[in-house]
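# Descriptive analysis of the structure
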Amino acid sequence: MSTETSYERLAEFHDLFMTEPWERLGPHVRAAFAQFGDGAVVVEVVEVVAGAAPADLGLLPERVDGFVCAHVLGHLGRADRRGLFAWLGSRLCAGGAGLVTTQRPETGRAEVVETRRLGDYEYRAHHLAAGARHEYTSLYEVRQGDRLVRSYRFTGDWRVLTAQDIAADLPATLALEPAGDGVALVRRAAA
Ligand SMILES: C[S@@+](CC[C@H](N)C(=O)[O-])C[C@H]1O[C@@H](n2cnc3c(N)ncnc32)[C@H](O)[C@@H]1O
């Protein structure tokens, strides 16, 4: 079985197992951007514009009312995170807001197994404990009864980032406000 590194094939499985995280995050996103009108510019920092942060931020509008970095900052090294927030810090409008997901400090690794059923198929995600620091490995299996229909192994970089880690990445123009378990808001810092 080959080990894959890109999101191209991972996306199918990733989205299947993101229902709960987004059920928790949805109310925070709505609350963070509720004050914005229809014309507001809210950007989600993810490779939807076929670009990566911070290298391709120039593809985004010059003025930003809001931004979302959900389950993505752990893929960025410190320099890239700081580059991203420096860019956002110079473009977030007064009264603007960003939402970032955060994690609790890492306390040792254990394998986590999740399952989802879609019709006759059971999808299993094994998030493996093994692997170097700042690296994740997951094995996804699709089963029909006892038969293993297909399986994929993914590995990539992931850093566990707490609210404190992300606050340390912000330029002086931005400030972080914890907004609940696993989520924080980023606003312009008081002058
Ligand atoms: C765990 S998924 C999260 C997707 C979505 N934000 C969510 O919450 O469901 C991580 C995403 O980060 C993207 N990504 C990884 N490195 C990135 C970078 N440097 N810039 C922008 N997006 C990146 C991947 O393509 C992938 O879509």
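Higher on the page you've got the structure.
Described below are features of the structure shown in this document. Because the structure is predicted, anything quoted here is derived from the model rather than measured. (Residues numbered from 1 in each chain as written. Predicted model: local features only at pLDDT ≥ 70, side-chain atom pairs only at ≥ 80, totals over all residues. Heavy atoms only, no water.)

## Focus: the overall build of the protein chain
Secondary structure assignment for the protein chain yields four helices and 10 strands. Ordered by position from the N terminus, the helices and strands of the protein chain form the series β-α-α-β-β-α-β-β-β-β-β-α-β-β. Since a compact globule built from 191 residues should have a radius of gyration of about 16 Å, the 18 Å found for the protein chain is in line with a globular shape. C-alpha atoms of the protein chain, sized along the principal axes, occupy 60 × 35 × 30 Å. For the protein chain, the proportion of contacts with a sequence separation of at least 24, taken over those separated by at least 6, is 61%. Summed over its atoms, the accessible surface of the protein chain is roughly 10500 Å², and 52% of this surface lies on carbon and sulfur atoms. When the 21 basic and 26 acidic side-chain charges of the protein chain are each reduced to a single mean position, those positions are 3 Å apart. (Helix = DSSP H or I, 4+ residues; strand = E, 2+ residues; numbered from the N terminus. Rg over C-alpha atoms; globule rule 2.2 N^0.38 Å. Contact = heavy atoms within 4.5 Å. Areas by Shrake-Rupley, 256 points an atom, 1.4 Å probe, with all protein chains shown as cover. Lys, Arg positive; Asp, Glu negative; His and termini not counted. Charge placed at Lys NZ, Arg CZ, Asp CG, Glu CD.)

## Quick notes on the nonpolar core
Core analysis: the biggest nonpolar cluster contains 24 residues, and Phe-67, Leu-73, Leu-84, Phe-85, Val-100 and Leu-176 have the highest contact counts within it. By residue number, the principal contributor to this core is helix α3 (residues 78-89), which donates four residues. Non-local contacts of Val-100, meaning those with residues more than four positions away in its chain, are made with Phe-67, Cys-69, Leu-73, Phe-85, Ile-166, Leu-176, Gly-182, Val-183, Ala-184 and Val-186. (Core = buried A, V, L, I, M, F, W, Y, C linked by side-chain atoms within 4.5 Å. Buried < 20%, exposed > 50% of the residue type's maximum accessible area, 1.4 Å probe, protein only.)

## Examining helix α1 (residues 7-16)
All of the buried residues in α1 are Leu-10, Phe-13 and Leu-16. In a view along the axis of α1, the buried residues occupy a sector of 115 degrees, so they form one face of it. Facing away from the buried surface of α1 by more than 90 degrees, the exposed residues are Glu-8 and Asp-15. The inward-facing, buried residues of α1 abut α2 (19-33), β5 (112-118), β6 (121-127), β7 (135-144) and β8 (147-157). (Arc of directions from axis to C-beta.)

## Details of the packing of aromatic side chains
Scanning the entire structure with this criterion turns up nine aromatic pairs. Judged by centre distance (5.9 Å) and plane angle (20 degrees), the ring pair of Phe-33 and Phe-36 falls under stacked. Per residue, the accessibility class of Phe-33 equals that of Phe-36, and both read buried. Ring centres 5.7 Å apart and planes at 70 degrees place the aromatic pair Tyr-140 and Phe-154 in the edge-to-face group. Note that Tyr-140 is positioned in strand β7 and Phe-154 in strand β8, a separation of 14 residues in sequence. With relative accessibility at 0%, the residue Phe-154 sits in the buried group. By way of ring pairs, the aromatic residues Phe-13, Phe-17, Tyr-123, Tyr-140, Tyr-152 and Phe-154 are connected into one cluster. (Phe/Tyr/Trp six-rings, centres within 6.5 Å; stacked < 30°, edge-to-face > 60°.)

## Section: the pairing of strand β10 (residues 183-188)
Within a regular strand, side chains alternate between the sheet's two faces. By the bridge criterion, five bridges tie strand β4 (residues 92-101) to β10 in an arrangement that is antiparallel. Following the sheet pairing, Ala-97 is matched in β10 by Arg-187. Pairing of strand β9 (residues 174-180) with β10, which is carried by six bridges, proceeds in the antiparallel orientation. What sits directly across from Ala-175, in β10, is Arg-187. With antiparallel pairing between neighbouring strands as the criterion, β9 and β10 make up a hairpin whose turn holds two residues, including Gly-182 at a positive phi of roughly 90 degrees. (Pairing = 2+ DSSP bridges.)

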